[in-house]
Amino acid sequence: GYRIGQIAKCSNDELRALQAKSMPCREAIKQLTKPADFIAAARKTLDTYDADKLRCVLHHALDTLGHRLTLREVIGPLIALTGEEWRDGNLGEAQEHLHTAVVRDFLAASVPGADVPVNAPEMIICTPAGTAHELGALLVSATARDLGWRVTYLGAGLPAPESAKAATARRVRVVALSVV
């Protein structure tokens, strides 16, 4: 919500103050430093259906741990934990949907500072027809982008002939299918 001209003139302390003001929940979670801490805090947000705080926890993990470690040590285990807790009846459907929506948005965001070269290898990622759960595919997509791949994400529930058509048109090296 700030113009670049305003931001460019700010000192580091002023930038931190603006960041704290724009995400007040960061103060409450600034003591989190380890992947297990972030997972526990993220899980706790589901008890109160607090999507904003879940976003805040995930972005604080990203700032603290970096992109690759956040994907591998926080997001992946959090997806597994949430699925297990939903399956075991410890989370309601609305809580699982909230988790999915926030994590989907987080994973769909581009990798900070990553400019993929035009000649980078390309992959297509999707889930096959009949598979609606796409967080695994999105996790692979975010990881591949982080590793320098050009990713064409086609979403969930795609029939095989359609993914083959896209792969042929894009001349990709890899087609990744995520199944539960």
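Going by the structure above, here's the rest.
Residues numbered from 1 in each chain as written. Predicted model: local features only at pLDDT ≥ 70, side-chain atom pairs only at ≥ 80, totals over all residues. Heavy atoms only, no water.

A. Spatial organisation of the packing of helix α7 (residues 93-108) against helix α8 (residues 135-146). Where α7 contacts α8, the two axes come as close as 9 Å, and the packing angle between them is 20 degrees. Comparing their axes, α8 and α7 come out roughly parallel. When the axes of α7 and α8 are compared, the crossing they make is left-handed. Across from H99, T100, V103, R104, L107 and A108 in α7, the residues of α8 making contact are L135, L138, L139, A142 and R145. Of the residues in the contact of α7 with α8, the class split is seven nonpolar, two polar and two charged. (Axes fitted to C-alpha atoms, helices over the stretch in contact; angles between N-to-C directions. Helix = DSSP H or I, 4+ residues; strand = E, 2+ residues; numbered from the N terminus. Parallel < 35°, antiparallel > 145°, perpendicular 65-115°, else oblique. Left-handed = near helix turned anticlockwise from the far one by under 90°. Contact = heavy atoms within 4.5 Å. Nonpolar A, V, L, I, M, F, W, Y, C, P; charged D, E, K, R; others polar.)

B. The side chain of R43, seen in detail. Among the secondary structure elements, R43 is positioned in helix α4 (residues 35-47). Once residues within four sequence positions are removed from consideration, R43 is found in contact with L78, L81, E85, N90 and L91.

C. Here's a closer look at the sheet that holds strand β3 (residues 174-177). Pairing in this open sheet of three strands is parallel, and the strands run β2-β1-β3 from one edge to the other. The sheet is open, and its two edges are formed by β2 (150-158) and β3, each paired on a single side. The average undirected angle you get between the axes of adjacent strands in this sheet is 20 degrees. With six bridges joining them, strand β1 (residues 122-128) and β2 adopt parallel strand pairing. (Pairing = 2+ DSSP bridges.)

D. Representation of the packing of helix α6 (residues 67-87) against α8. At a minimum axis separation of 10 Å, α6 and α8 run at an interaxial angle of 170 degrees. Considering their axes alone, α6 and α8 lie roughly antiparallel with respect to each other. Counted together, H67, R68, L71, I75, G76 and I79 of α6 and L135, L139, A142, T143 and D146 of α8 form the full contact between these two elements. Residues belonging to the contact of α6 with α8 are distributed by class as follows: six nonpolar, three polar and two charged.

E. Inspection of helix α9 (residues 160-170) at higher detail. Every buried residue of α9 is accounted for by S163, A166 and A167. Buried positions in α9, seen along its axis, are confined to an arc of 100 degrees and lie on one side of it. Counted as exposed and oriented over 90 degrees from the buried face of α9: P161, K165, T168 and A169. Buried-residue contacts for α9 involve β1, β2 and β3. Backbone geometry just after α9 places R171 at a positive phi near 55 degrees. (Buried < 20%, exposed > 50% of the residue type's maximum accessible area, 1.4 Å probe, protein only. Arc of directions from axis to C-beta.)

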